[in-house]
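Working through the structure, step by step
Now for the letters of each chain:
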Amino acid sequence: MSEIEENELDKAALPKNYDPKEIEGPLFTSWFEAGGFGRDVAGFADAEKPSYTIVIPPPNITGVLHMGHALNNTLQDILTRKARMQGRPTRWVVGTDHAGIATQNKVEQKLAAEGKTRFDVGREAFLEACWQWRDKYGSTIIEQLKSMGCSCDYNQEKFTMDADYATAIRKVFVDWWGKGLVYKGHRIINWCPRCTTALADDEVEHQDEAGHLWHLRYPLVEPVGDIEYLVVATTRPETMLGDTGVAVSPDDDRYKALVEAGAQVRLPLMDRIIPVFTDDYVDAEFGTGAVKVTPAHDPNDFDMGQRHDLEQINIFTEEAVVNENGGRFAGLTREEAREAVVAALEDLGLLDTPEEHDHAVGHCYRCGTTIEPWLSDQWFVKMSELAAPAIEAVRTGEVVFHPKRWENVYYRWMENIRDWCISRQLWWGHRIPVFYCDTCGWVGASEEDLTVCPECGAALRQDEDVLDTWFSSQLWPFATQGWPSDAGWQAELAAYYPTQVLSTARDIIFLWVARMIMSSMNFLDGQVPFRDVIVHPTVLDKHGNIMSKSRGNGVDPLVLIDKYGADSMRFGLALQVTGAQDLKFDEEKIMTMARNFSTKVWNASRYVLMNLEDFDVAAVSDKETGRVTPEAVTDADRWILSRLARLTRELGEGREGYDFGVIARALYSFFWNEFCDWYIELSKSQLNLGSEERLAAQRNLVFVLDNALRMLHPFMPFITEKIWLSLPHGDDRPSLMVAEWPCGEDFADFIDERAECAVEQLCAVVGAVRATRARYGISPKHPLGVIVKTTGDDAATGSEMLFAQASQIESLARTASFTVSPSAEKPAHSSVTIASALEIYIVLEGLVDFDAERARLTKERDKKAVDLEKLNKKLNNEGFLAKADAAVIEKTREDAGELKISLEQLEQQLADLG
RNA sequence: GCGCGAUUAGCUCAGGGGGAGAGCACUACCUUGACACGGUAGGGGUCAUUGGUUCAAAUCCAAUAUCGCGCACCA
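The following paragraphs examine the structure supplied in this document. (Residues numbered from 1 in each chain as written. Chains lettered and ligands numbered in written order. Predicted model: local features only at pLDDT ≥ 70, side-chain atom pairs only at ≥ 80, totals over all residues. Heavy atoms only, no water.)

1. Focus: the packing of helix H11 (residues 384-395) against helix H16 (residues 509-523)
Between H11 and H16, the shortest axis-to-axis distance is 9 Å and the interhelical angle comes to 105°. Between H11 and H16, the angle is such that the two are roughly perpendicular. Contact residues: H11 offers Leu386, Ala387, Pro389, Ala390 and Ala393, while H16 offers Ile517, Met518, Met521 and Asn522. Each residue belonging to the contact of H11 with H16 can be placed in one class, and the counts come to eight nonpolar, one polar and no charged. (Axes fitted to C-alpha atoms, helices over the stretch in contact; angles between N-to-C directions. Helix = DSSP H or I, 4+ residues; strand = E, 2+ residues; numbered from the N terminus. Parallel < 35°, antiparallel > 145°, perpendicular 65-115°, else oblique. Contact = heavy atoms within 4.5 Å. Nonpolar A, V, L, I, M, F, W, Y, C, P; charged D, E, K, R; others polar.)

Shown next, in the form of structure tokens:
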């Protein structure tokens with residue numbers, strides 16, 4: 001980083017116009033070329049301080065930057081940059097996820113364009129094509145992070161299919177195999193017939209869809225009494241082709257006789273004889289109370305099938321086309337089969353009137369295709385044992401969610417966790433390291449590839465399936481830091497683990513966050529992967545709709561960066577981060593606010609730089625650090641330093657610093673409403689007051705701006721760096737990125753209540769004059785005579801405080817004359833403004849219509865009378881006096897006292913006006 | 001069905017037991033040597049409804065309504 005100066009970051013005065021495009025690209029390049037963003041940028045990290053590590057949620061290699069990424073990475077960069085400035089050894093681990101299904105889909109699409117399928121080219125060539133795709137497009141999103149200014153450790157980019165990452169995967173699989181935590185099972189799983197793979201339960205998205213509850217008549221083999229058929233209700237009539245039973249509730253009197261008689265039905269269309277039995281699962285109240293049972297195509301039916309020893313008849317191919325078990329319906333798709341079955345039953349007179357019925361239908365989270373519950377052999381991870389310590393870690397506060405309410409969501413899921421289906425019938429991914437000997441039947445999992453059977457020496461065959469992508473992502477926090485194969489992984493993890501924060505969207509709390517906690521605790525001696533989980537809001541469009549391609553309502557972060565600059569985008573997003581679950585992004589409103597703020601920062605800085613031509617840094621800097629020190633000569637000086645100290649303290653606290661919106665707003669209002677609106681305005685006269693006052697103003701302008709830039713830097717890294725490099729603050733660090741974070745305690749001595757009070761009074765006087773001008777249409781150029789009477793217990797001090805600021809009042813309020821005294825008297829033909837401990841008289845002779853002034857005073861008097869009435873009512877309330885806090889009562893008394901005086905003053909003035 | 005969240009100015013949202021806030025939009029005035037992406041002054045809200053707790057409720061509690069999210073699904 002020492003090369004930064006050689007990179008010639010522009011140290012010349014700032015250009016008149018703020019143009020983010022001019023500054024952002026070159027600054028990022030210079031940061032990067034100077035060494036990037038490793039653990040110890042430019043040697044300023046303090047090894048004694050606690051380390052700070054964040055792992056990025058690895059974007060898919062198919063991904064392009066969207067608003068969710070923009071928000072999430074803004075937050076992570078804010079935290080990373082602040083920690084780095086605090087001198088902590090900081091690293092933001094970056095990388096990408098191979099994204100099994102998503103990537104495979106992309107490559108298949110590409111092949112399809114050439115008229116080929118993956119089976120045409122074969123597994124090996126297909127994987128080669130995937131790697132090529134990854135090399136070509138896989139880092140797109142990482143490049144986009146750079147344009148946002150994200151200070152990730154790009155020099156050590158990780159990928160979930162790296163060779164060392166594969167080692168980690170195998171270790172986990174083999175270890176869990178050894179403990180019996182992974183197993184193969186034959187059961188109903190969620191099958192995507194388009195991706196032709198199994199999915200985990202939480203990879204299925206349910207949507208309510210309007211459908212029908214069909215009523216099908218199943219004739220009894222032998223009538224029981226006068227009952228000749230049973231009516232079953234189903235939403236999926238086509239699955240009747242695979243029915244192997246009919247279930248009724250044991251408590252359902254309608255069917256008791258049937259069951260006792262051991263009735264059987266003849267399954268229509270298939271002509272299969274199947275039993276009628278009772279099962280507690282059946283709800284007699286729903287539908288017809290009789291349920292057709294299809295063990296191969298419904299998880300509940302599967303369970304019933306197990307209990308009653310029913311045959312499992314699979315009627316679908318892996319593409320959800322009816323297979324040979326579907327008789328004459330073979331070859332039809334699910335949808336065609338439904339129509340055909342319904343029509344056939346209707347022809348046979350076996351279809352009763354269907355009911356309208358809404359029900360939830362599962363869809364593939366990758367391609368949206370309707371999920372088929374499908375019976376197959378799959379690999380599973382037994383979860384309850386892994387989940388127990390992970391639940392405990394959150395209960396004990398080892399891991400804390402922000403906002404905290406997400407912990408309940410986590411508990412709910414974890415406490416009802418089901419085994420995790422981890423095998424995928426894909427090619428792109430980590431192949432399951434299980435080997436089979438077809439000769440002697442040996443089966444084993446191995447970290448190394450095996451070719452020969454250890455039992456019989458015959459050739460082995462590896463499992464064809466790959467692992468769920470989330471199986472690899474769950475290892476991200478530790479596999480990216482060398483575990484388990486790098487020579488120094490123990491030292492690395494001892495120093496930098498657990499990581500501090502994981503920031504993510506709420507939709508992957510189960511898919512990813514929970515699994516990281518479980519795997520980390522399982523493999524790293526019970527260590528959690530991170531201390532804090534930030535669940536950031538979901539970015540919606542301005543109407544509150546989710547942004548999506550199909551709606552066409554997405555906002556492209558790159559377009560925002562192009563239009564407003566990365567700094568403004570980051571600040572705008574951060575401003576909107578509160579505890580809410582959603583964030584409605586209204587580009588015009590948010591970006592206007594953020595962009596205007598950036599411009600304000602730029603222009604205020606230009607003002608400061610413009611007034612430093614005779615400023616000698618060396619003469620006013622700390623001997624040791626070389627940094628410019630502040631000096632308080634006027635109340636304005638004391639005031640702004642006091643305000644800065646309070647802000648610094650506020651930012652130091654802020655509940656772990658995750659209240660991004662609160663912090664952004666505090667910075668915004670300090671910079672704009674205090675520094676710009678008042679201190680800079682006050683400095684304009686102070687700079688011309690005398691050499692001592694001038695120098696003090698210069699020192700404080702530089703000092704306050706310097707510190708404000710430091711605190712703004714994590715939010716707006718480019719603009720603050722650009723300005724900071726031009727500002728003569730005396731700090732010899734090469735970049736604001738590694739400048740020290742302002743520590744609230746260092747500024748504690750600046751807090752000065754008296755000065756804050758003095759400037760408040762000044763503001764009251766200036767405000768009164770401005771308001772009076774506006775009210776009567778008096779030009780700002782027309783100087784006015786102003787007389788202030790200080791009132792209250794300490795009127796003499798009040799006068800002194802205002803008198804000391806007379807020149808500034810004259811300047812800001814454009815007064816012809818300004819006097820202040822406890823015994824001042826109201827001149828004739830003047831307006832009066834009552835403020836706390838002040839009466840402000842403004843001479844208006846010949847300027848205004850006093851009828852209007854009378855009306856105004858009357859209105860104000862009436863308002864104050866109402867207010868006083870309220871307070872008096874309170875003070876006459878015995879309950880209030882008995883139970884309210886003493887301080888609250890005292891404050892109410894004081895307020896009432898002041899109001900009473902104001903009221904009397906207003907009455908007097910009305911009388912004076914006649 | 002169960003759980004969670006939201007409901008405050010025209011819009012987007014902060015705040016949070018003791019006199020309603022910001023930005024945008026709106027109105028008036030101001031091109032004063034940082035900034036018109038600006039300055040100054042203003043207008044605008046019974047803080048969803050109903051009950052309760054409290055001396056005091058926009059704020060806490062409970063119901064209701066509307067919107068949103070999640071989980072689980074009865075075929």
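2. As for the pattern of salt bridges
Within this structure, the stated rule accounts for 51 salt bridges. Arg418 is the partner of Asp201 in a salt bridge, and the nearest nitrogen-oxygen pair spans 3.6 Å. A residue pair is termed long-range when its members are at least 10 positions apart, and Asp201 in the loop between strand E6 (197-199) and strand E7 (204-224) and Arg418 in the loop between helix H12 (406-415) and strand E16 (420-421) qualify at 217 residues. The exposure class of Arg418 is exposed, given its relative accessible area of 59%. Among the ionic pairs, Glu904 bridges to Lys900, the shortest N-O distance being 3.6 Å. You can see Glu904 and its partner Lys900 sitting in helix H29 (residues 886-913), four residues apart, about one turn around the helix. With a relative accessible area of 48%, Lys900 lands in the partly exposed category. Through salt bridges that share partners, Arg236, Glu238, Arg334, Glu335, Arg338 and Glu372 make up one connected network. (Salt bridge = Lys/Arg side-chain N within 4 Å of Asp/Glu carboxyl O. Buried < 20%, exposed > 50% of the residue type's maximum accessible area, 1.4 Å probe, protein only.)

3. Overview of the sheet that holds strand E18 (residues 434-437)
Strand pairing in a sheet takes place through backbone hydrogen bonds and is either antiparallel or parallel in direction. Here three strands make up an open sheet; going across it, the order is E19-E18-E20 and the pairing antiparallel. The open sheet has two edge strands, strand E19 (443-445) and strand E20 (460-462), and neither has a second partner. For this sheet, the mean inter-axis angle between neighbouring strands, taken without regard to orientation, is 30°. Pairing between E18 and E20: three bridges, direction antiparallel. Residue Tyr436 lies in a different strand from E20, and its bridge partner there is Arg461. (Pairing = 2+ DSSP bridges.)

4. A short note on the sheet that holds E16
Pairing is antiparallel in the open sheet, where four strands are placed in the order E6-E5-E14-E16. On the outer flanks of this sheet lie E6 and E16, each paired with one strand and no other. In terms of strand pairing, strand E5 (residues 182-192) meets E6 through three bridges, oriented antiparallel. The residue of E6 that forms the bridge with Trp191 is Ala198. Against the sheet, helix H9 (residues 299-308) touches E5 and strand E14 (372-381), its axis set at about 135° to E5.

5. As for helix H20 (residues 635-652)
Across its 18 residues, H20 extends 26 Å between first and last C-alpha, which sits within 8% of the 26 Å expected from 1.5 Å per residue. Regarding H20, the residues found buried are Asp635, Ala636, Asp637, Trp639, Ile640, Leu641, Ser642, Leu644, Ala645, Leu647, Thr648 and Leu651. (Expected span 1.5 Å × (residues − 1).)

6. Quick notes on the protein's contact with RNA strand B
Within the structure, RNA strand B sits among 60 residues, and Phe286, Asn300, Lys584, Thr599 and Lys883 are positioned closest to it. Those atoms of RNA strand B that come within 4 Å of the protein belong to sugar or phosphate at a rate of 56%. Take Asp283: an N or O atom from its main chain is 2.7 Å from a base nitrogen of RNA strand B. With respect to RNA strand B, the side chain of Gln581 contributes an N or O atom lying 3.2 Å from a base nitrogen. Counting residues per element, the surface near RNA strand B draws most heavily on helix H19 (residues 587-610), at eleven residues. Here the residues of the surface near RNA strand B sort into 23 nonpolar, 13 polar and 24 charged. (Near = heavy atom within 4 Å. Polar contact = N/O pair within 3.5 Å; in protein donor to acceptor, adjacent residues only side chain to side chain.)

7. So, the pairing of strand E10 (residues 264-267)
Alternating residues of E10 divide into Val265 and Leu267, all buried, and Gln264 and Arg266, none buried. As defined by bridge partners, E10 adjoins strand E11 (residues 272-278) across four bridges and the pair is classed as antiparallel. Bridge assignment links Arg266 to a residue of E11, and that residue is Ile273. Hairpin remark: E10 followed by E11, antiparallel, with four residues in the connecting loop; positive phi at Leu269, about 70°.

8. Digging into the nonpolar core
Residues Phe585 and Phe675 are the most contacted members of the largest nonpolar core, which totals 213 residues. Element by element, the count of residues in this core is highest for helix H21 (residues 660-686), at 14 residues. With residues near it in sequence (within four places) discarded, Phe585 still touches Met67, Val539, Leu540, Asp541, Lys542, Met547, Val555, Leu560, Leu573, Gln576, Ile590 and Met591. (Core = buried A, V, L, I, M, F, W, Y, C linked by side-chain atoms within 4.5 Å.)

9. Section: unusual backbone geometry
Cis peptide bonds are those with omega within 30 degrees of zero, and the linkage from Trp483 to Pro484 qualifies with 0°. The omega torsion of the bond from Tyr497 to Pro498 falls at -5°, within 30 degrees of zero and hence cis. Relative to the elements of secondary structure, Pro498 occurs in the loop between helix H15 (489-496) and strand E22 (499-505). Phi is positive for Ala320, which is not a glycine, with a value near 65°. Tracing the chain through its elements places Ala320 in the loop between H9 and helix H10 (334-347). Of note, His829 is a non-glycine position whose phi angle comes to about 50°, a positive value. The residue His829 is located in the loop between strand E27 (815-821) and strand E28 (830-835) in this model.

10. Examining the packing of helix H2 (residues 67-85) against helix H18 (residues 566-575)
Their axes nearest at 9 Å, the elements H2 and H18 cross at an angle of 90°. Compared by their axis directions, H2 and H18 come out roughly perpendicular. In this structure, H2 uses Met67, Ala70, Leu71, Thr74, Asp77, Ile78 and Arg81 to contact H18, whose residues at the interface are Met569, Arg570, Leu573 and Ala574. A per-class count over the contact of H2 with H18 returns seven nonpolar, one polar and three charged.

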